[in-house]
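# Architecture and fold: a report
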Amino acid sequence: MAVPKLIFSSSEEIKAFRQKHAMNQSQFWGRVGVTQSGGSRYESERNIPQPVRLLLHIAYAPADRADRLVDHLRKWKTEPKSGA
């Protein structure tokens with residue numbers, strides 16, 4: 001099963017989404033457990049860790065897309081590992 005395409009592929013997209021929805025950095029990033037200063041660094045082209053990208057998708061994607069990612073992650077976690 002392929003990983004669903006995440007809604008944000010760049011920090012510019014994240015910042016544009018946040019501004020379009022009239023959220024300050026604390027509001028936007030706090031929803032996924034990131035501080036305002038951490039969010040500011042991510043919006044300034046710093047590498048965003050994959051777990052944070054996944055949380056952003058779950059928090060801000062339309063419900064059907066967020067659900068697909070959660071389903072994918074649940075299946076991935078329970079799949080037998082090769083060589084085990």
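Coordinates for the structure precede this section.
Residues numbered from 1 in each chain as written. Predicted model: local features only at pLDDT ≥ 70, side-chain atom pairs only at ≥ 80, totals over all residues. Heavy atoms only, no water.

Turning our attention to the overall build of the protein. In terms of helices and strands, the protein carries 5 helices and 0 strands. Element order for the protein, N to C, with α for helix and β for strand: α-α-α-α-α. In terms of overall dimensions, the protein has a C-alpha envelope of 45 × 25 × 20 Å along the principal axes. Sorting the 84 residues of the protein into buried and exposed places 33% on the buried side. At a minimum sequence separation of 6, the contacts of the protein that also span at least 24 residues come to 55%. Just so you have it, the protein exposes about 5,700 Å², and 53% of that area is on carbon and sulfur atoms. Of note, the protein has its 14 positive side-chain charges centred 4 Å away from the centre of its 8 negative side-chain charges. (Helix = DSSP H or I, 4+ residues; strand = E, 2+ residues; numbered from the N terminus. Buried < 20%, exposed > 50% of the residue type's maximum accessible area, 1.4 Å probe, protein only. Contact = heavy atoms within 4.5 Å. Areas by Shrake-Rupley, 256 points an atom, 1.4 Å probe, with all protein chains shown as cover. Lys, Arg positive; Asp, Glu negative; His and termini not counted. Charge placed at Lys NZ, Arg CZ, Asp CG, Glu CD.)

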